[in-house]
Each structure stands twice: as C-alpha cells, then as structure tokens.
Amino acid sequence: MTISAPRYGSTSSERLGRTRRVLAIVRRELRRRAGWGTVAAVALAFVSVAAVVIVDAEFASLTRTLRLTTLEAPFESPIWPLLLLLVATSAGAGALAEDAGNRSIVLYLSRPIRLLDYVGAKAIACGTWILIAAAGPPLTAVLILTLLGVVPTSIAVSAALGYLAVGLLATIFLTGVALSLSSLTSRPLYAGVGIFGVVLSLFIGAAAVAAITGNLYVPYASPVTLLRSVGIGVFGGPSTPETDPATSAAVLAIAGAVLGAFAAWRASRVEVVSE
Amino acid sequence: MTTGVVEAQELTKRYGEVLGLNRFTSSITGGITGLVGPNGAGKSTLFRLLAGQLKADAGTLTLLGHPAWGEGEFRRHVGYCPEHSALYEGLTGEAFVTTLLRVDGFSRAEAEERALRAIETVGLTEARGRRLRTYSKGMRQRVKIAQSIAHDPELILLDEPLNGVDPVGRSTLTELLETLQKAGRHIVVSSHVLYEVERLTDQIIMISNGRALAQGDLHRIRALIDAHPHVIDLETGNPRTVARFLGEWDHVTAIEFPGPGRLRVRCRAPEEFYRALPPLVVRERLDIRSLTSADDNLDAVFRYLSEGGR
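From a predicted model like this one, the values you see are computed outputs, not experimental measurements. (Residues numbered from 1 in each chain as written. Chains lettered and ligands numbered in written order. Predicted model: local features only at pLDDT ≥ 70, side-chain atom pairs only at ≥ 80, totals over all residues.)

Peer 1: Can you walk me through the overall build of chain B in this structure?
Peer 2: Secondary structure summary: chain B contains 10 helices and 14 strands in total. For chain B, with 310 residues in total, the buried portion stands at 46%. Restricting to contacts in chain B with at least 6 residues of sequence separation, those with at least 24 account for 67%. (Helix = DSSP H or I, 4+ residues; strand = E, 2+ residues; numbered from the N terminus. Buried ≥ 20, exposed ≤ 12 C-beta atoms within 10 Å, placed from the backbone. Contact = placed C-beta atoms within 7 Å.)

Here is the structure:
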C-alpha cells in the first residue's frame, strides 16, 4: 500500500442543512439496526398479527357480525405488545450502547451535529422499526381485507387510524425504553437484556401483584397492559380494558418522553462514558 | 483577544480526584504542532477537550476562535482522529468515511467522491470495500486519518496517529502530514514516542502531569535547559588524557568512563563546550573519533524538563 499526496477540491463546497445531516444518520442507523433479529421479529409480527386480524374479520364477515370492534383482535392478547418488545430490544439495544462501546460516538459528536440531533436520529431509526412492527401488520391486514371486500371502507379507515394511533403510542414508549437503557451501558447485550427484562418483569410482576392484592392501580405499572388497554379503548371493546385507556395512553406517552429525555441527558454525559 | 489556531488558558479538567489537565496554558499558532508527553500526561484529555468531547472544569479553550465545548458549525473546519478505535466494525472503509462526510453535510455524490480521495490518500484504495473488522491496526489508523482529512478541514487533530502503524506507514504518513501542512492546514499531533514528533516538527508543546512544561521551537526549548547538565559522549583513543584537559573547564561538571575508549562529559554550557573543543583538539593533538550528544534527542529534553526543569 502506498500513501499519496492529498488532492483537495474546493474548500467552499456547499454543505447540506441540519435536517439532511440528521437524515444521513437516520438512514445509516436504519440499515445498521436491520439485523436478523430485528427483521425476524418484524416478520413474526407481520405474520402473526396480520393472520389474527384477517381470520377474525373473515369469520365475523361470514357470521355478519363484522364491526370496528372486531378489528381489535391484536390487543386481545399480550402477544402483540410482546412482539413489539422483541423488535424494540433488537433494534434499540445497540442504538447508543454500540456507539459508546466502540467509541464511534466520539467521531459523530466531533462533527457539526448537535447532541439532540444525534439522539433524535437514533430515536427515529429505532422508532421506525418499532412503528413498522406496530402498525404495519394490522394496516396491511386491513388493506387486504378492504381489497377483498371483506371490510367496508368506512370501518377500514377508522381501524387504520386506530392502529396508527396505538402504534405511534407504542413506538414512543418503547423507543424511550430502548434508548434510555441503551444509554446506560456500552454493551448492546446488556441493554437488550435490560429492555426485554424490565418490560417483561413489569408485565409479569404487575399481573401477579394485582392478582394477589386486588389493587386496581397496580396494572398501570405494566406497559403491556397499558398498550392493550389503549388498543381496546380505541376500538371500543368488546374486551374490557384492565386500565383506563385515556390514563394508560397518558402514562405511556409521558413515560416515553421522560425516558427519551433521560437518554439524551445520558448521551450528553458521554465524557464520562468515554473515560 | 485570541489569535492562535488553538488557545488554552488555565485549562483544568478533573476526573474525580485525578487531575487530567492542571491549569494548562498554551497557544498554537499554526503549521504542525507536536504535543509530547508520556502516557497519562494529559494529551488525550486535551484532545477530547479540543474535539468537544469533554467540558473543562475551569479555564478557556478556543479553536479557530470558537469555544471548544458545545455544538457548533465551526466543527466542519476541524478534523479529529481519536487515539482509540472508533469504528463501526460492520461498515466497509469506504462506507465509514462516506457516512461521516454525510454527517458533515456533504451531498451523497460529493461524500462518496471525497471518501474515495481520502482513502486513496492514506493508501487504502484496495481495501476500501472490506469491512472494518478485517482491518489491521495500522489500516484502522489510516482509515481514521482518512475520515479526519476527507472534509478538507482547516485544523486537524491527530491523537497518537502513528500508534500501530508499521515503519513504512509511519514514514509515508509523516510525508502526508508535511504535505497537508504545505497545503495550509494546521495540524496538532500527539505522541508519547518522542522521535516521531521530532521528525514531524520543531514546534512542540511538552506536557506532563496535565501541565505544559514548555512550548515553542525545539531548539528554544533546548536553550531552556542549558542550566542543567548536558551529556556528551566522546570516543577517543586516550580517554584519560582528554578527561584531564576537559576537567579543567569550569562548565564541565562531571566526567565518566562508561567503557573502553569512551568518555561521558556532563557540562552546564554546551555551546561553550562545542566552541572550545575543536581548538583544544588541534592544539593538543587529541585523538577524538566521535562526538555525540544524547541530549539532541527530544527524549532527553523531555526528561530534563519533567524531572529537573520544573
């Protein structure tokens, strides 16, 4: 190998604006996060959730009982939130931890990029994968059912908006969880165990404590329960949510925002991380 | 008013009870400046402060007239090559440099063009399509240097850039830095291997225990230590005779016999010694076969300053 003299172009090259620079990070992150784990979890979400929605809607159509509430099927069991948790774990564990671990965060932040832009780009990339898994499968199912003439357009539009709203809420919360735990370590594996373990523990622990004590507020500690309640609330039954849907939505949104802010604060302490 | 490319005033950085930098004051005017000091002296702390990665606990630090801490568009005029590996192992060398250029704000086409050029400059063209995890340590250093120069920065910060690079690579990277200097770039380069910096520049800052021991032209720094004994080794056929003559000089403080035919002289005024020696040799027909001074080496200068010059 040889080293040659550098050849420079114009030093006054026009540079792109802040948004384009952030998008450059987002694009790179989207690809980096597209590991086999993320893709497999998203595929699993697509297959299982879309199948449930389609089968339920077809059956209701045959029995002429198809209504908007029929399409709440994904929220009747904890499978949908747990699949999203898998995606969040796979796509979010390394978001900040990997950069801290290999110190590439040093190179990023030595560029003309703001810390909030950097964390924001990470959140967008991670959140995009979660949103794809959260809203993609039911939306796809509704689109297929509408094209097949199984679901009337009016119900399909309402259902699509409902799926999107719940999906966005799930994305905000799980992105906050993933980034905050990823910011606590320089090892993606630890972050992944933390993300999955914390949410699953809250789900199981809250269910157990609520069953023993009968306390009506304990289920609010379970993100899985909160997500299901919001979904059921948006579609109007027929299941009974364990928690109040509006309060559940507020808890999830606030928790997601607080955890996201925590991740940004942790990233701002990168000088400690890198030492 | 700040005039230097880099201005540090009473810069202090603590890591808990440990002082990383201790009221470090220095001004870097341009060209290539070597930051020299042993491991743990505070070089990397200073570089991290310069790169905006650390916030000083006290004092001020400016680069190109801008405060080093915080976010700023001026960073597009600064290239930074960190000491430690900071690479995305899954990316190819080309994609790594291109990605960082995109963050710098270059369009995709220009980023790709500049990345190729920078990779060519550091001699990694053939390996540009390989993933970074397959790179050797020297190749990693090269690709880090490539990303630090690819956006054509005005100021380039290189923290131990020659660490891990093979001897040929060291030589060629040295030439690269000289070329960059001639192209008008300002370069701050650190090393704990003193001869590396000595080959790059005469303009040095010597740092130890978080403080700047000395700064300036190597020869001027050398003048600072003239108050300390200067060591000169002589090879001669008659060491005792030579020692007898040299021992009469006031500025010679000690004479040792480290081996057969060898003489080690310690003197306080080396310039006077060098001026007086040739006439003595001619007059007394002394057999002096060689004369070397270990103190011409930067290592000796540093040793003097850090151990006895404070």
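Back to the text.
Peer 1: What is the right way to read the overall build of chain A from this model?
Peer 2: Helices and strands together make up the secondary structure of chain A, namely 11 helices and zero strands. In sequence order, the secondary structure elements of chain A are arranged as α-α-α-α-α-α-α-α-α-α-α. Counting only C-alpha atoms, chain A reaches 75 × 50 × 30 Å along its principal axes. For chain A, buried positions account for 49% of its 275 residues. Taking the contacts inside chain A whose residues are at least 6 apart along the sequence as the reference set, 76% of them involve residues at least 24 apart.

Peer 1: How do you make sense of the packing of helix α7 (residues 153-182) of chain A against helix α9 (residues 223-235) of chain A when you look at a structure like this?
Peer 2: Pairs of packed helices are described in terms of their axes, by the angle between the two and the distance that separates them. Residues and elements named next belong to chain A. Running from N to C, α7 and α9 cross one another at 160 degrees; their axes reach a closest spacing of 9 Å. In terms of orientation, α7 lies roughly antiparallel with respect to α9. Considering only the axes of α7 and α9, their crossing is right-handed. On α9, the residues touching Gly162, Ala165, Val166, Leu169, Ala170 and Phe173 of α7 are Pro223, Leu227, Val230, Gly231, Val234 and Phe235. Classifying every residue of the contact of α7 with α9 by side-chain character gives 10 nonpolar, two polar and no charged. (Axes fitted to C-alpha atoms, helices over the stretch in contact; angles between N-to-C directions. Parallel < 35°, antiparallel > 145°, perpendicular 65-115°, else oblique. Left-handed = near helix turned anticlockwise from the far one by under 90°. Nonpolar A, V, L, I, M, F, W, Y, C, P; charged D, E, K, R; others polar.)

Peer 1: Whenever I open this one, the pairing of strand β11 (residues 230-236) of chain B confuses me. Can you help?
Peer 2: The two faces of a sheet get side chains in turn, since along a regular strand they alternate between them. Taken together, the six bridges between β11 of chain B and strand β13 (residues 262-267) of chain B define a ladder with antiparallel strand orientation. From the neighbouring strand, aspartate 233 of chain B faces β13 of chain B, where its bridge partner is arginine 264 of chain B. (Pairing = 2+ DSSP bridges.)

Peer 1: Even after reading the chapter, I still don't get the packing of α7 of chain A against helix α10 (residues 245-268) of chain A, so can you show me in this structure?
Peer 2: Residue and element names in this part refer to chain A. Two numbers describe how α7 lies on α10: the axes approach to 7 Å, and their chain directions differ by 35 degrees. Crossing of α7 over α10 shows left-handed handedness. Contacts from Leu169, Ile172, Phe173, Thr175, Gly176, Val177, Leu179 and Ser180 of α7 reach α10 at Ala249, Leu252, Ala253, Ala255, Gly256, Ala257, Leu259, Gly260, Phe262 and Ala263. Each residue belonging to the contact of α7 with α10 can be placed in one class, and the counts come to 13 nonpolar, five polar and no charged.

Peer 1: Looking at this structure, how should I read the nonpolar core?
Peer 2: Nonpolar side chains in soluble globular proteins generally cluster together in the buried interior. By size, the foremost hydrophobic cluster in this structure holds 157 residues, and its most contacted members are Leu84, Val87 and Ile130 of chain A together with Leu157 of chain B. Residues within four places of leucine 84 of chain A in sequence aside, it is in contact with Ile130, Ala133, Ala134, Ala170 and Leu174 of chain A. Among the nonpolar cores identified, the runner-up in size contains eight residues, and Val242, Val252, Leu263 and Val265 of chain B belong to it. (Core = buried A, V, L, I, M, F, W, Y, C linked by C-beta atoms within 7 Å.)

Peer 1: Whenever I open this one, the sheet that holds strand β7 (residues 155-159) of chain B confuses me. Can you help?
Peer 2: What holds strands together in a sheet is hydrogen bonding between their backbones, with the strands either parallel or antiparallel. Residues and elements named next belong to chain B. Read from one edge of the open sheet, six strands run β6-β7-β8-β3-β9-β10, paired in mixed fashion. Where the open sheet ends on each side, the last strands, each with one partner, are β6 (78-81) and β10 (211-217). With direction set aside, neighbouring strand axes in the sheet form an average angle of 15 degrees. Bridge count for strand β9 (residues 203-208) against β10 is six bridges, and the pairing is antiparallel. Residue pairing in the sheet places methionine 206 in a bridge with alanine 214 of β10. Those strands touched by helix α1 (residues 43-50) are β3 (32-36), β7, β8 (186-191) and β9, and its axis lies near 145 degrees from that of β7. Sitting on the sheet, helix α4 (residues 137-149) touches β6 and β7, and the angle it makes with β6 is about 170 degrees.

Peer 1: Honestly, the pairing of β6 of chain B in this entry has me stumped. Any pointers?
Peer 2: Residue and element names in this part refer to chain B. Here β6 shows two buried faces, one formed by Val78 and Tyr80 and the other by Gly79 and Cys81. Pairing analysis gives four bridges linking β6 to β7, with the strands arranged parallel. The residue bridging cysteine 81 from the neighbouring strand is leucine 158, located in β7.

Peer 1: Just to check I follow, could you spell out the confidence of the model for chain B for this structure?
Peer 2: All names here are of chain B. Averaged over every residue, the pLDDT of chain B is 83; the share at 70 or more is 88%. Mean pLDDT across the elements of chain B bottoms out in helix α10 (residues 298-308) (62) and peaks in helix α3 (residues 108-121) (93). At the level of chain-chain contacts, confidence expressed as ipTM amounts to 0.74, with global pTM at 0.75. (pLDDT = per-residue confidence, 0-100.)

Peer 1: Quick question: what am I supposed to make of the sheet that holds strand β2 (residues 18-28) of chain B here?
Peer 2: All names here are of chain B. In space, the four strands of this open sheet follow the order β2-β1-β4-β5, with antiparallel pairing throughout. What marks the edges here is a single partner per strand, and that holds for β2 and β5 (66-67). Pairing geometry for strand β1 (residues 6-15) and strand β4 (residues 58-63), over five bridges, is antiparallel. When the bridges of β4 are listed, valine 6 appears paired with leucine 63.

Peer 1: Could you clarify how one ought to interpret the confidence of the model for chain A in this entry?
Peer 2: Interpretation of this model should avoid reading the predicted coordinates in detail wherever pLDDT is low. Mean pLDDT over chain A: 87, with 92% of residues reaching 70 or higher. The secondary structure element of chain A with the lowest average pLDDT is helix α11 (residues 270-273) of chain A, at 48, and the one with the highest is α7 of chain A, at 94.

Peer 1: Explain unusual backbone geometry here, please?
Peer 2: Excluding glycine, most residues fall at negative phi; most peptide bonds, likewise, are trans. A positive phi angle, near 55 degrees, is found at arginine 64 of chain A, a position not held by glycine. Checked against the element boundaries, arginine 64 of chain A lands in the loop between α2 (36-62) and α3 (79-92). Taking the number of C-beta atoms within 10 Å as the measure of exposure, arginine 64 of chain A has 6 and is therefore exposed. At glutamate 160 of chain B, a residue that is not glycine, the phi angle is positive and equals roughly 50 degrees. Mapped onto the secondary structure, glutamate 160 of chain B falls in the loop between β7 and α5 (167-182). A count of 23 C-beta atoms within 10 Å places glutamate 160 of chain B in the buried class.

Peer 1: How do you make sense of the environment of glycine 169 of chain B when you look at a structure like this?
Peer 2: Structurally, the position occupied by glycine 169 of chain B is in helix α5. Separated by 47 residues in sequence, glycine 169 of chain B and valine 122 of chain B place their C-alpha atoms 9.1 Å apart.

Peer 1: In this structure, what is going on with α2 of chain A? I would like to understand it.
Peer 2: Residue pairs spaced three or four apart in an α-helix point in one direction, given the helix's 3.6 residues per turn. Residue and element names in this part refer to chain A. The terminal C-alpha atoms of α2 lie 38 Å apart, and with 27 residues this matches the ideal 39 Å at 1.5 Å per residue to within 8%. Within the sequence span of α2, burial applies to Thr38, Ala41, Val42, Ala45, Val49, Ala50, Val53, Ile54 and Ala57. Those residues of α2 that are buried lie in contact with α3 and α6 (115-147). Arginine 64 sits one or two positions beyond α2 and adopts a positive phi of about 55 degrees. (Expected span 1.5 Å × (residues − 1).)

Peer 1: What am I meant to see in α3 of chain A here?
Peer 2: Residue and element names in this part refer to chain A. Taking 1.5 Å of rise per residue, 14 residues should cover 20 Å, and α3 covers 19 Å from first to last C-alpha, within 8% of that figure. Within α3, 12 of the 14 residues are buried, which leaves the element mostly enclosed by the surrounding structure. By the burial criterion, the buried members of α3 are Trp80, Pro81, Leu83, Leu84, Leu85, Leu86, Val87, Ala88, Thr89, Ser90, Ala91 and Gly92. Those residues of α3 that are buried are in contact with α2, α4 (94-102), α6, α7, α8 (188-213) and α9.

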